[in-house]
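Inside the fold
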Amino acid sequence: MPLTPLDIHNKEFSTGFRGYNIDEVNEFLDQVIKDFELLIKEKKEQEERVAILNERVDYYKSLEENLSKSILVAQETAEDVKSNARKEAQLILKEAEKNADRIVNEALAKSRKIAIEIEELKKRASVYRMRFRTLLEAQLEMLENGDWDNIEQPHADSAVTVE
């Protein structure tokens, strides 16, 4: 069991022949008691300070651990966001490519259809021109033919009777 200042104060020494000077011993013991009390007080203060510092260290360790976990979560989240963004970008790109292919294919189909319609219209125009030319030539031939004089005079055979 450790010594206390009270133990030192209450300690009695037996006196012998030619023993120590009692006043010097008591004076020395008083000084030892004061120093011992001071050391005990300092020790207690140091222990309290160590306890406070240990609490702070524990707090900072906890804070460091939480920050480390938060950083890991943030890194994982950032990686997830990057990964999702890459996937979404790929999907958007594929969709855009599909749309571009569809638009190009539709444009080609319309272009082919229009080309076919143009050819059909050219054929119709050619046929119409030939028929119109034939009609005009026939009309011109009729004009040049001398049958116009006969048309103006009625035929005797074909008398029209009006009732």
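What counts and how
Residues numbered from 1 in each chain as written. Predicted model: local features only at pLDDT ≥ 70, side-chain atom pairs only at ≥ 80, totals over all residues. Heavy atoms only, no water. Helix = DSSP H or I, 4+ residues; strand = E, 2+ residues; numbered from the N terminus. Buried < 20%, exposed > 50% of the residue type's maximum accessible area, 1.4 Å probe, protein only. Areas by Shrake-Rupley, 256 points an atom, 1.4 Å probe, with all protein chains shown as cover. UniProt positions renumbered as here; feature names shortened; annotations may be inferred. 1 Å grid on protein atoms, 1.4 Å probe; cavity = no way out; pocket = protein on both sides within 12 Å on 5 of 7 lines; lining within 4 Å. Points joined across faces, edges and corners; volume = space filled by probe spheres on them.

1. Here we look at the overall build of the chain
In terms of helices and strands, the chain carries three helices and zero strands. When the 163 residues of the chain are sorted by exposure, 2% land in the buried category. For the chain, the accessible surface area stands at approximately 16,000 Å², while carbon and sulfur atoms represent 57% of it.

2. Here's the deal with the UniProt feature "coiled-coil region" (unreviewed entry) in the chain
Within the UniProt annotation, "coiled-coil region" (unreviewed entry) is assigned to residues 26-56 and 86-124. When the span residues 86-124 is considered, its composition is 100% helix and 0% strand, and the gap between its end C-alpha atoms is 56 Å.

3. Section: the layout of surface pockets
Counted as a void, the largest pocket has a volume near 310 Å³. Along its surface, the largest pocket is lined by 16 residues, and E12, F13, I22, V25 and N26 are the ones closest to its centre. Of all the elements in the fold, those that place two or more residues in the lining of the largest pocket are α1 (5-10) and α2 (22-144). With six residues, α2 is the largest single contributor of residues to the lining of the largest pocket.

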